Amino acid sequence: MTQLAAERATVQGDKEGLEIDQGIFFNRILRSAQAGPHLLDAMLRPTPRALRLLPEFIRTGRTDLGSVLLERDGYVAR
């Protein structure tokens, strides 16, 4: 992960291709008839943290995720 973080901070011409390799890896997994749907289903499930924050969001229409402030305005969340 340290290598990917370093590559994210680099301009395109200086990258080593790690992000491309990661994309190829996920392409192979996601196109698998068995693993792809399973992975997508698992990624769509709420995390324990999301479940802990949900009651506050339902009650107040607002929750602070640290890096993002989520607010409900009618039927829209921003």
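One can find the structure itself at the top, above this paragraph.
Basis of the calculations
Residues numbered from 1 in each chain as written. Predicted model: local features only at pLDDT ≥ 70, side-chain atom pairs only at ≥ 80, totals over all residues. Heavy atoms only, no water. Patch = residues over 30% accessible without salt bridge, like charges linked within 9 Å, V, L, I, M, F, W, Y side chains within 5 Å. Areas by Shrake-Rupley, 256 points an atom, 1.4 Å probe, with all protein chains shown as cover. Salt bridge = Lys/Arg side-chain N within 4 Å of Asp/Glu carboxyl O. Helix = DSSP H or I, 4+ residues; strand = E, 2+ residues; numbered from the N terminus. Buried < 20%, exposed > 50% of the residue type's maximum accessible area, 1.4 Å probe, protein only. Axes fitted to C-alpha atoms, helices over the stretch in contact; angles between N-to-C directions. Parallel < 35°, antiparallel > 145°, perpendicular 65-115°, else oblique. Contact = heavy atoms within 4.5 Å. Nonpolar A, V, L, I, M, F, W, Y, C, P; charged D, E, K, R; others polar. Pairing = 2+ DSSP bridges.

### Comments concerning a nonpolar patch on the surface
Okay, step 1: A cluster of nonpolar residues, Phe25, Phe26, Leu30, Leu40 and Met43, forms a patch on the protein surface that exposes about 490 Å² of accessible area.
Okay, step 2: Of all the secondary structure elements, the ones that give two or more residues to the nonpolar patch are helix H2 (18–30) and helix H3 (35–44).
Okay, step 3: Take the nonpolar patch: its biggest share by element is 3 residues, from H2.
Okay, step 4: Here Leu30 is to be found in helix H2.
Okay, step 5: With a relative accessible area of 39%, Leu30 lands in the partly exposed category.

### Overview of the packing of H2 against H3
Okay, step 1: Two elements in contact, H2 and H3, have axes separated by 6 Å at closest approach and are oriented at 105°. Here H2 lies roughly perpendicular to H3, going by the angle between them. In this structure, H2 contributes Phe26, Ile29 and Leu30 to the contact, and H3 contributes Ala35, Gly36, Leu39 and Leu40.
Okay, step 2: Split into classes, the residues belonging to the contact of H2 with H3 amount to 6 nonpolar, 1 polar and no charged.

### So, the pairing of strand S2 (residues 69–73)
Okay, step 1: Examined bridge by bridge, strand S1 (residues 62–64) and S2 share 3 bridges and lie antiparallel to one another. Bridge pairing links Thr63 to Leu70 in S2.
Okay, step 2: Connecting S1 to the next strand, S2, in antiparallel fashion are 4 residues, including Gly66 with a positive phi near 95°.
Okay, step 3: In this structure, S2 lies alongside strand S3 (residues 76–77), joined through 2 bridges in antiparallel fashion. Residue pairing in the sheet places Arg72 in a bridge with Ala77 of S3.
Okay, step 4: Linking two consecutive strands that pair antiparallel, namely S2 and S3, is a turn of 2 residues; a positive phi of about 70° is found at Gly74 within it.

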